[in-house]
Amino acid sequence: MKRIKRYLCFCMLFVFLASMLGGCGDNSTDNKLTELNIGIGSSPVTIDPQLISDTGSAQVAVFFTSTLYAYNERRELVPELAESCDVSDDGLTVTYHLKKGLRWSNGDPLTSDDFAFAFKRLIDPATKSNSVYLITDCCRILNAYEINTGEMSVSELGVYAPDDLTFVVKLELPCPYLNSLFTMTNFSPCPREFCNSCGSSYATSPDTVLSCGPYILDRYEPLATQIHLVRNPDYFNADQIELPGVTLQVAADPQQAMMCYSSDQLDIISVSGELAELAQGDDHMSEFSVAAVLTLEINHLSNTALKNRNIRLAIAKSIDRESITRNVSRFGYYPMTRVIPPDYYTETDGTDFARDQTLYDEYMQYEPEKAAEYWAKGLNELGVSSIHLDYVVNNAQTKYAEAIKAQLETNLNGLELEIIPLPAKEWISRLSGRDYDLIQSSWVADYADPTALFQGSLGDGSTNHYFDRDFLDMYDKSFLTYGEERNLLLHKMEDKLMTDVAMIPLFGAEYNYLIADGVTGFQVNPTGTEPVITGLRKELK
Amino acid sequence: MGRYLRKRILISVSILFLILLILFLLLQFMPGSPFNDAKLSEEQVEALRKQYGLDQPVIVQFFKYVGNMLRGDFGVSYSISPNTPITTLLVNRFPITLKIGFASLIFGTVAGVTLGLVTAFFRNRFVKILYSLFTMLGIAIPSYLFAMFFSWFIGYKAELLPLLYDFRSPFVSTVMPVAALSFSVTAVIARFTKSEAEDVMKSDYVMLARCSGLGSGSIMVKYILRNSLIPVITVMAGLLVGLLTGSLVIEKMFSIPGIGGLLTTAIESNDYSVVLALSFVYSALYIVVMLILDLVYCVVDPRVRLGGKPE
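These numbers come from a predicted model, not from an experiment.

For the rest of this paragraph, the subject is the interface of chain A and chain B. Every contact between the two is made by 55 residues of chain A and, on the other side, 59 residues of chain B. Both sides together, the interface formed by chain A and chain B hides about 5,000 Å², and carbon and sulfur atoms give 59% of it. Here chain A is connected to chain B by zero salt bridges. At the boundary of chain A with chain B, the tally comes to ten residue pairs in polar contact (both at pLDDT 80 or more). Counting residues per element, the ones that place at least two in the side of chain A that touches chain B are α1 (2-20), α4 (133-138), α5 (144-148), β9 (226-231), β10 (245-250), α8 (254-262) and α15 (424-432) of chain A. Counting residues per element, the side of chain A that touches chain B draws most heavily on α15(A), at six residues.

This next bit is on the packing of helix α4 (residues 86-121) of chain B against helix α7 (residues 170-201) of chain B. Residue and element names in this part refer to chain B. Put simply, α4 and α7 touch, their axes get as near as 5 Å, and they point 35 degrees apart. Of the two elements, α4 crosses α7, and the hand of that crossing is right-handed. Residues of the contact of α4 with α7, tallied by class, amount to 17 nonpolar, ten polar and two charged.

Tallied over the full model, the rule gives 37 aromatic pairs over all chains. Where A:Y513 meets A:F522, the ring centres are 4.9 Å apart and the plane angle is 65 degrees; that geometry is what we call edge-to-face. Ring geometry for B:W152 against B:Y156: centres 5.0 Å apart, planes inclined by 45 degrees, an arrangement best described as tilted. Placement of both B:W152 and B:Y156 in helix α6 (residues 143-157) is noted, with a separation of four residues, approximately one turn of the helix. A relative accessible area of 21% means that B:Y156 is categorised as partly exposed. Among the aromatic residues, those joined into a ring-pair cluster are A:Y69, A:Y96, A:F115, A:F119, A:F167, A:F182 and A:F187. A cation sits over an aromatic face here: A:R140 above A:F479, 5.5 Å from the ring centre. The ring of B:F167 carries the charged tip of A:R219 above its face, separated from the ring centre by 3.7 Å.

What counts and what doesn't
- Residues numbered from 1 in each chain as written.
- Chains lettered and ligands numbered in written order.
- Predicted model: local features only at pLDDT ≥ 70, side-chain atom pairs only at ≥ 80, totals over all residues.
- Heavy atoms only, no water.
- Contact = heavy atoms within 4.5 Å.
- Buried area = accessible area lost by both parts, 1.4 Å probe.
- Salt bridge = Lys/Arg side-chain N within 4 Å of Asp/Glu carboxyl O.
- Polar contact = N/O pair within 3.5 Å; in protein donor to acceptor, adjacent residues only side chain to side chain.
- Helix = DSSP H or I, 4+ residues; strand = E, 2+ residues; numbered from the N terminus.
- Axes fitted to C-alpha atoms, helices over the stretch in contact; angles between N-to-C directions.
- Left-handed = near helix turned anticlockwise from the far one by under 90°.
- Nonpolar A, V, L, I, M, F, W, Y, C, P; charged D, E, K, R; others polar.
- Phe/Tyr/Trp six-rings, centres within 6.5 Å; stacked < 30°, edge-to-face > 60°.
- Buried < 20%, exposed > 50% of the residue type's maximum accessible area, 1.4 Å probe, protein only.
- Lys NZ or Arg CZ within 6 Å of the ring centre and 35° of its normal.

Have a look at this one:
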């Protein structure tokens, strides 16, 4: 009897341990061979298109959503769900004609009402979206601001669906970059009835989200570390999608990601820092420029010294960006002496807006002797012999701040910089509240237009207290002009920022990816924030 | 016993309430807000605060929160997974953390007790060196270094196990994390077991048992093992809570969707409701574990009488 008891106890312990460990066997199948495994840095915060406000989430949503316009593998802006669009003479009414036969992944027809509903959902305060600024500030859709502040009801937003294939957007101010802005996943359609039937659980699991993009969500849970998608046969361009499925695997630890890539567990990974340096020269390494600029923001109000242009010029010309990118960051950043990065915005004649990256070297290039001259002149004008400045920096970027402080204090006699390293959330509070003398900041453009990178210097709404009437007039005028005239205006705006030393560009960022043999067609959009996935292929080894 | 239990439960509930209140007040002093985004205007931040009820007085927010919590509603996440009910986040992630934590504890305890007893029983040099080496390494080396070691040799070089947690093969995905976490448990338990077993072996009742002619195996199981386990149980409670809260690095390394990472992400993002819910769950867990521990004492050592009056 005792033996039987012991045996039973042993069996129960075994069953307990087995059940605790999941007990499910490995059922990975051979069809995984042709599926693509992509490593991502973090879990998506949300997959609800109207709630997305971070690039990590957008990079996931792009697989199962689709927008009116999109970027193709050659980074050209082309109609996606739209067939074409008409802009009224005053630029205030934009009419999109949708492609015929569009369908959701459950077979329901996708109509213009789904776009109207999505736009209204984005601005609706009940949705609690952090991305409302896209609709109130980046493009000023009629009544958006009043709806956001509760003065008007959501139904009064300037978006209309006169018939199933026509979607009309009415604006308060023309928006020359509207189609580029509408490539963002926030502006993808939302199925009204389905969304309402899901209630607050909309887009929290594969069962509560419909796809209109190249893939269908197959496995997902909030803050998932592994997301699986399968090809969407109802996607309008399904013939072009060759991959049967994609797995997005969070690989937050860079070394683990590298080992996964080297052992064929991941096909595409993003590399930075030391790992990127190690992978340098590898044929599988691809670099993609990103519209992300690290800047040194100057508070034009907090400190009398910083109102002096010579002082600002001296600071700008005392930073040896080349040496910092070579010795400190070593990989992933390149020196920048202008606001607009290369390969970001293409002018009407097809040329790169920022093809000449040395254009503002006169004001930004490292020249310690000239910097010392400007500094002496500035001190003389101010009637002081030394200046103390608070230099606020995000904890993650302290190493750059240390290098910049050393260079500035060496080159500018009498300058005392106090670095204030802060956690990200406090650093953002200081930036938004303009509570600093100098702050190391980074701007990532939401859409492919130079104005996206001028946002930090726009008078009252700026993060740096830079208030220049000419600049603001030009900004307003940039919404009313098109083509070559507008490009000239945008150049003048950048001229103004650089000659005034309104802010100091430091480094441009580039993303580096390791892409396995047999994988082709990987591209990112001009802002570098979302992958272009329609051309992705993975051949069997 | 019943009276003791009632008293303990009452004290536990009061402590939990106090913890919640202190946490709620402390979170108000944290810099920043859940809506840290330089692109949001002040009006937009204010509108979001209003939508989530964060514009109300703290005390109103607190009692609303407690009221909802008693109905099983922990609220929704503000920033790390906007509008997702926190219960959904917990239900999805807690079982995985529990599985890995319990598995590490059980494997570590079995290995630690065995190692401690063997070292105490067989007093030869080789066993002692092996024991010292194992316990020193287990305590001195953090679990993530073991994880890196396993990842390199077993996951990458030998390609025997997946390097990242895979939902399609959850069993094999948890082997390396469990092994890495078990090392320190093994070392701690082995040290306690050895020192306690050595004391027990010197005791009068063990000598009496030997003199009575009982076999070594019987003495080991009935007398030495049972009496050595009492301090081990105390240590296990702390280790379990530590495993559940402190496996953050391991979770990040193997991309395990557990709750270790959830808490730190929530703190970094000022996601008050998630921080509160997780802190509450952890506190409740710790209190329950300590209560169970007291009850287990009674079973292991009949001399212990909880809450009883002295005779």
